[in-house]
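Residue strings, one per chain:
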Amino acid sequence: MGLKLKNPIIAASCGLTNSVENIVELERNGVGAVVLKSLFEEQIANEVNHTMEQGEFSNYYPEAEDYIRNYTQGNDLSVYLDLIRTAKQVVKIPVIASINCVSDSDDWISFAKKIEQAGADGLELNIFILPSDPTKPGEQNEKTYFDIAEKVTKEVSIPVALKISYYFSGLAQFVTKLSWTDIKGIVLFNRFYSPDINIDKMEVKSSFVFSDPASLALSLRWIAMLSPHVKCDLAASTGVHDGEAVIKQLLAGAQVVQVASVLYKKGFSEIAEMTGKLKAWMEEKNFKSLDDFRGKLNTSQYDNPAAYERVQFMKHFSGIE
Ligand SMILES: Cc1cc2nc3c(=O)[nH]c(=O)nc-3n(C[C@H](O)[C@H](O)[C@H](O)COP(=O)(O)O)c2cc1C
């Protein structure tokens, strides 16, 4: 994304990146950059619409709507902008803001400019549109991602990354095409609300919020598959819990990794463990820079990655009885 990081480990957007104190602590523990907790598109739009609904000003003159819109955003969202400004004053690492969005509505997109003006080094857009409507073709959902990318990259000049899910029928082509837009990075993948069912109460409940190390395989596969093809940076997110996982994702072709669950489970000191492991491994293998080995184990070595996977499945699963 054109940002200079001292190492490839980023604190992912989560509750831990929502205060200046924590951001300072994350930097002290050696993190390469932070992504702030997301604002929700609805949060931004609601603040605007709430004031608009009060209606007493909106009939005065045509500009009133614009004025109120700006005023509302300026006041109620100022805490977020203050967090960016203060963080930028006290830490040297890049500070990336984040918005969780599902539409290309101008209500929230204009707020991206304020994020830029507050000094954010980049903007990550967490887009998750669950393709749950059986009457809606996949292309229509996908179009929203492209529309958001286009509008936001026109609005700001800081680098923009999209954080996405894996619920696409043609994931490889979709991600590749996204990388041809003006966005500078794609984060694979977001972690979603995972439904579960309580059979005693017969209620839907949430399953685990935090990932475990076994969740690494999903992003590892797609980073390895997509890194030879995309025109922008890829960040690996989900299941990175230790230095080995960092190395694996870099070998698969990730530019950086993002970590959240491990910071909750083991604390910020785990970042130093990860960078320590990475450094020791690079020394052992005689690598001087990340570029010496980044992407070495991506799928460019196979003519047909899908066939390779099929053979691996046969090899590792068929023999078990
Ligand atoms: C408690 C918690 C809060 C999170 N909040 C956000 C958020 O506000 N915005 C966002 O884009 N991702 C959010 N995430 C997702 C993380 O940024 C990350 O993508 C996901 O947890 C996978 O990484 P991990 O396996 O290292 O946890 C959150 C994750 C957790 C565990």
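Residues numbered from 1 in each chain as written. Predicted model: local features only at pLDDT ≥ 70, side-chain atom pairs only at ≥ 80, totals over all residues. Heavy atoms only, no water.

Moving on, we come to the site of the ligand. Every one of the 18 residues lining the ligand counts as a neighbour, but Ser13, Ser38, Asn126, Ser211 and Ser261 are closest to it. Within the side chain of Lys163, one N or O atom sits 2.8 Å away from an oxygen atom of the ligand. One of the side-chain N or O atoms of Ser237 is found 2.9 Å from an oxygen atom in the ligand. In the complex, the protein chains occlude 89% of the 600 Å² of accessible area that the ligand would expose alone. In the shell around the ligand, the residues fall into seven nonpolar, eight polar and three charged. (Near = heavy atom within 4 Å. Polar contact = N/O pair within 3.5 Å; in protein donor to acceptor, adjacent residues only side chain to side chain. Areas by Shrake-Rupley, 256 points an atom, 1.4 Å probe, with all protein chains shown as cover. Nonpolar A, V, L, I, M, F, W, Y, C, P; charged D, E, K, R; others polar.)

Inspection of every chain in the model, using the stated rule, returns 14 aromatic pairs. A connected cluster of aromatic rings, assembled from ring pairs, spans Phe128, Tyr166, Tyr167, Phe189 and Phe192. (Phe/Tyr/Trp six-rings, centres within 6.5 Å; stacked < 30°, edge-to-face > 60°.)

Before going further, it helps to examine the layout of surface pockets. Here the largest pocket is characterised by a volume of approximately 740 Å³. What lines the largest pocket is a set of 34 residues, and nearest its centre among them are Ser13, Cys14, Lys163, Asn190 and Arg191. Those elements that provide at least two residues to the lining of the largest pocket are β11 (256–259) and α10 (261–266). By residue number, the principal contributor to the lining of the largest pocket is α10, which donates three residues. In terms of residue class, the lining of the largest pocket is built from 15 nonpolar, 15 polar and four charged. The computed volume of the second largest pocket comes to approximately 550 Å³. (1 Å grid on protein atoms, 1.4 Å probe; cavity = no way out; pocket = protein on both sides within 12 Å on 5 of 7 lines; lining within 4 Å. Points joined across faces, edges and corners; volume = space filled by probe spheres on them. Helix = DSSP H or I, 4+ residues; strand = E, 2+ residues; numbered from the N terminus.)

Relative to the helices and strands, Ser103 resides in the loop between β4 (95–101) and α5 (106–117). Reaching out from Ser103, the side chain makes a polar contact with the side chain of Glu41 at a distance of 2.6 Å. Apart from residues lying up to four places away in sequence, Ser103 is in contact with Glu41, Trp108, Thr144 and Ile148. (Contact = heavy atoms within 4.5 Å.)

Attention now moves to helix α6 (residues 138–155). Its 18 residues give α6 an end-to-end C-alpha distance of 26 Å, which sits within 8% of 26 Å, the value for a rise of 1.5 Å per residue. When α6 is considered as a whole, its buried residues turn out to be Asn141, Glu142, Thr144, Tyr145, Ile148, Ala149, Val152 and Thr153. Viewed along the axis of α6, the buried residues span an arc of 145°, placing them on a single side of the element. Exposed and facing more than 90 degrees away from the buried side of α6 are Glu139 and Lys154. Check the buried side of α6 and you find it contacts β4, α5, β5 (122–127), β6 (160–164) and α7 (171–178). (Expected span 1.5 Å × (residues − 1). Buried < 20%, exposed > 50% of the residue type's maximum accessible area, 1.4 Å probe, protein only. Arc of directions from axis to C-beta.)

Counted under the stated rule, the structure contains zero disulfides. Free of any disulfide, Cys14 has its nearest neighbouring cysteine sulfur in Cys101, separated by 18 Å. Here Cys101 is not disulfide-linked; the sulfur of Cys232 is the nearest cysteine sulfur, at 16 Å. On the accessibility criterion, Cys101 (1% relative accessible area) is buried. (Disulfide = S-S within 2.5 Å.)

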